[in-house]
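A closer look at the structure
The residues making up each chain are set out below.
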Amino acid sequence: MKIGIVFGTFAPMHLGHVDIINIAKEENHKVIVICCGHEGDRGYPKYPLEERLKRAADYFSEDVKVDVTVLPDTDPRIKAHWDQQQIWNYWVERMLLHLFQKELILAKDELCFYTSEPDYADLLQNTPQNIKVHLCSRERNISGTMIRENPEAYSAQIVPTFVDLYRST
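Reference entry: report on the structure contained in this document. Keep in mind it's a predicted model, so treat the numbers as computed, not measured.

**With respect to the pattern of salt bridges**
Scanning all chains against the criterion turns up 7 salt bridges. Among the salt bridges present, the one from Lys54 reaches Asp58, with a minimum N-O distance of 3.0 Å. Taken together, the positions of Lys54 and Asp58, both in helix α2 (residues 49–59) and 4 residues apart, correspond to about one turn of that helix. Judged by relative accessible area, Asp58 falls into the partly exposed class, the value being 38%. In this structure, a network of salt bridges that share partners links the residues Glu51, Arg55 and Asp164.

**Structural notes on the sheet that holds strand β4 (residues 110–115)**
The parallel open sheet is built from 5 strands, whose spatial order is β3-β2-β1-β4-β5. Single-partner strands in this sheet number two, and they are β3 (66–72) and β5 (133–135). This sheet shows a mean twist of 25° between the axes of neighbouring strands, independent of strand direction. Pairing between strand β2 (residues 30–37) and β3: 7 bridges, direction parallel. Each residue of the ladder has a partner; that of Ile34, found in β3, is Thr69. Contacts from helix α4 (residues 118–125) reach β1 (2–8), β4 and β5, with the element oriented near 165° to β5.

**So, the side chain of Thr115**
Along the chain, Thr115 turns up in strand β4. On the basis of relative accessible area, Thr115 is assigned to the buried category, the value being 6%. In this structure, Thr115 is in contact with Ile20, Tyr120, Ala121, Val133, His134, Leu135 and Cys136, ignoring residues within four places of it in sequence.

What counts, and at which threshold
Residues numbered from 1 in each chain as written. Predicted model: local features only at pLDDT ≥ 70, side-chain atom pairs only at ≥ 80, totals over all residues. Heavy atoms only, no water. Salt bridge = Lys/Arg side-chain N within 4 Å of Asp/Glu carboxyl O. Helix = DSSP H or I, 4+ residues; strand = E, 2+ residues; numbered from the N terminus. Buried < 20%, exposed > 50% of the residue type's maximum accessible area, 1.4 Å probe, protein only. Pairing = 2+ DSSP bridges. Axes fitted to C-alpha atoms, helices over the stretch in contact; angles between N-to-C directions. Contact = heavy atoms within 4.5 Å.

That's the geometry; what it means functionally is another story.
The structure is reproduced here in C-alpha coordinates:
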(Lines give C-alpha, C1' and ligand atoms only; values in the text may rest on other atoms or scores of the structure.)
Protein backbone atom coordinates (compact mmCIF):
# COMPACT_ATOMS: atom_id res chain seq x y z
CA MET A 1 0.00 0.00 0.00
CA LYS A 2 1.21 3.53 -0.75
CA ILE A 3 1.14 5.65 2.40
CA GLY A 4 1.86 9.36 2.71
CA ILE A 5 3.19 10.74 5.99
CA VAL A 6 2.73 14.35 7.05
CA PHE A 7 4.13 15.48 10.39
CA GLY A 8 4.26 18.71 12.34
CA THR A 9 3.73 20.42 15.64
CA PHE A 10 0.46 21.84 14.29
CA ALA A 11 0.65 24.82 16.60
CA PRO A 12 -1.79 25.51 15.02
CA MET A 13 -2.83 23.31 12.12
CA HIS A 14 -3.50 25.65 9.22
CA LEU A 15 -4.66 25.48 5.64
CA GLY A 16 -1.06 25.24 4.38
CA HIS A 17 -0.85 21.91 6.24
CA VAL A 18 -4.12 20.88 4.65
CA ASP A 19 -2.67 21.69 1.20
CA ILE A 20 0.19 19.24 1.86
CA ILE A 21 -2.16 16.58 3.25
CA ASN A 22 -4.39 16.92 0.17
CA ILE A 23 -1.38 16.42 -2.15
CA ALA A 24 -0.48 13.29 -0.17
CA LYS A 25 -4.08 12.05 -0.38
CA GLU A 26 -4.06 12.38 -4.19
CA GLU A 27 -0.90 10.28 -4.49
CA ASN A 28 -1.48 7.57 -1.85
CA HIS A 29 -3.98 5.03 -0.61
CA LYS A 30 -3.85 6.58 2.84
CA VAL A 31 -2.18 9.42 4.73
CA ILE A 32 -0.90 9.39 8.28
CA VAL A 33 -0.82 12.76 10.03
CA ILE A 34 1.62 12.76 12.95
CA CYS A 35 1.28 15.43 15.65
CA CYS A 36 4.75 15.97 17.12
CA GLY A 37 5.91 18.04 20.04
CA HIS A 38 7.16 18.12 23.57
CA GLU A 39 6.50 20.09 26.72
CA GLY A 40 7.96 23.52 26.13
CA ASP A 41 7.64 23.46 22.32
CA ARG A 42 6.12 26.39 20.45
CA GLY A 43 2.61 25.14 21.24
CA TYR A 44 3.04 25.14 25.01
CA PRO A 45 1.79 25.98 27.51
CA LYS A 46 -1.44 27.19 25.96
CA TYR A 47 -1.73 24.46 23.31
CA PRO A 48 -0.50 21.10 24.68
CA LEU A 49 0.32 18.30 22.29
CA GLU A 50 -2.61 16.12 23.37
CA GLU A 51 -5.02 18.98 22.61
CA ARG A 52 -3.47 19.47 19.16
CA LEU A 53 -3.81 15.72 18.54
CA LYS A 54 -7.48 15.76 19.56
CA ARG A 55 -8.28 18.72 17.33
CA ALA A 56 -6.44 17.28 14.31
CA ALA A 57 -8.25 13.95 14.80
CA ASP A 58 -11.57 15.82 15.03
CA TYR A 59 -10.85 17.69 11.80
CA PHE A 60 -10.13 14.47 9.88
CA SER A 61 -12.70 12.27 11.66
CA GLU A 62 -14.85 11.86 8.53
CA ASP A 63 -11.93 11.36 6.12
CA VAL A 64 -11.42 7.63 5.53
CA LYS A 65 -8.02 8.23 3.89
CA VAL A 66 -6.47 9.99 6.90
CA ASP A 67 -5.25 8.52 10.20
CA VAL A 68 -4.02 10.86 12.92
CA THR A 69 -1.54 9.83 15.59
CA VAL A 70 0.84 11.44 18.04
CA LEU A 71 4.57 11.07 18.59
CA PRO A 72 6.21 13.07 21.35
CA ASP A 73 9.42 14.58 20.04
CA THR A 74 12.85 13.39 20.95
CA ASP A 75 14.05 14.53 24.35
CA PRO A 76 15.28 18.09 23.68
CA ARG A 77 18.35 17.45 25.87
CA ILE A 78 19.91 15.30 23.13
CA LYS A 79 20.48 18.48 21.13
CA ALA A 80 23.42 19.17 23.43
CA HIS A 81 25.11 15.95 22.30
CA TRP A 82 23.97 15.19 18.73
CA ASP A 83 24.03 17.12 15.50
CA GLN A 84 20.82 17.80 13.58
CA GLN A 85 21.18 14.77 11.29
CA GLN A 86 21.71 12.40 14.23
CA ILE A 87 18.58 13.78 15.90
CA TRP A 88 16.53 13.25 12.74
CA ASN A 89 17.95 9.72 12.27
CA TYR A 90 16.83 8.84 15.79
CA TRP A 91 13.44 10.55 15.38
CA VAL A 92 12.65 8.74 12.09
CA GLU A 93 13.58 5.40 13.63
CA ARG A 94 11.28 6.08 16.61
CA MET A 95 8.49 7.28 14.33
CA LEU A 96 8.61 4.25 12.03
CA LEU A 97 8.61 1.90 15.02
CA HIS A 98 5.64 3.79 16.51
CA LEU A 99 3.67 3.54 13.25
CA PHE A 100 4.45 -0.17 12.94
CA GLN A 101 3.50 -0.89 16.56
CA LYS A 102 0.22 1.03 16.12
CA GLU A 103 -0.38 -1.11 13.00
CA LEU A 104 -0.62 1.99 10.83
CA ILE A 105 2.11 0.69 8.50
CA LEU A 106 3.44 -2.70 7.44
CA ALA A 107 6.97 -3.56 6.36
CA LYS A 108 5.80 -4.00 2.75
CA ASP A 109 4.13 -0.56 2.54
CA GLU A 110 5.63 2.11 0.29
CA LEU A 111 6.09 5.23 2.42
CA CYS A 112 6.61 8.80 1.30
CA PHE A 113 7.03 11.81 3.58
CA TYR A 114 5.42 15.07 2.51
CA THR A 115 6.81 18.45 3.58
CA SER A 116 7.10 22.00 2.28
CA GLU A 117 10.32 22.60 4.22
CA PRO A 118 13.49 22.04 2.12
CA ASP A 119 15.62 21.57 5.26
CA TYR A 120 13.29 18.79 6.48
CA ALA A 121 13.40 17.12 3.07
CA ASP A 122 17.22 17.08 3.10
CA LEU A 123 17.38 15.70 6.64
CA LEU A 124 14.80 12.99 5.87
CA GLN A 125 16.54 11.94 2.66
CA ASN A 126 19.84 11.57 4.52
CA THR A 127 18.52 9.19 7.19
CA PRO A 128 19.71 5.56 7.05
CA GLN A 129 16.15 4.39 6.27
CA ASN A 130 16.33 5.74 2.67
CA ILE A 131 13.21 7.82 3.16
CA LYS A 132 11.31 8.91 0.06
CA VAL A 133 10.31 12.57 0.29
CA HIS A 134 7.94 14.75 -1.71
CA LEU A 135 8.88 18.42 -1.31
CA CYS A 136 5.55 20.19 -1.83
CA SER A 137 4.53 23.70 -2.70
CA ARG A 138 1.59 24.93 -0.67
CA GLU A 139 -1.19 26.89 -2.30
CA ARG A 140 -1.38 29.16 0.74
CA ASN A 141 1.66 30.94 2.12
CA ILE A 142 0.95 30.70 5.83
CA SER A 143 2.95 29.51 8.83
CA GLY A 144 2.26 28.68 12.44
CA THR A 145 4.65 31.47 13.44
CA MET A 146 2.61 34.03 11.50
CA ILE A 147 -0.56 32.80 13.21
CA ARG A 148 0.93 32.69 16.72
CA GLU A 149 2.21 36.25 16.30
CA ASN A 150 -1.12 37.62 14.99
CA PRO A 151 -3.97 35.09 15.33
CA GLU A 152 -6.74 37.55 14.52
CA ALA A 153 -5.16 38.60 11.21
CA TYR A 154 -4.77 34.99 10.08
CA SER A 155 -7.81 33.35 11.68
CA ALA A 156 -9.24 32.44 8.26
CA GLN A 157 -6.11 30.32 7.62
CA ILE A 158 -6.53 28.21 10.77
CA VAL A 159 -8.20 24.78 10.50
CA PRO A 160 -11.70 25.20 12.01
CA THR A 161 -11.17 22.77 14.92
CA PHE A 162 -8.16 24.85 16.05
CA VAL A 163 -9.62 28.37 15.71
CA ASP A 164 -10.86 28.81 19.28
CA LEU A 165 -7.39 27.94 20.64
CA TYR A 166 -5.88 30.88 18.81
CA ARG A 167 -8.32 33.66 19.54
CA SER A 168 -6.86 36.51 21.54
CA THR A 169 -7.77 36.31 25.21
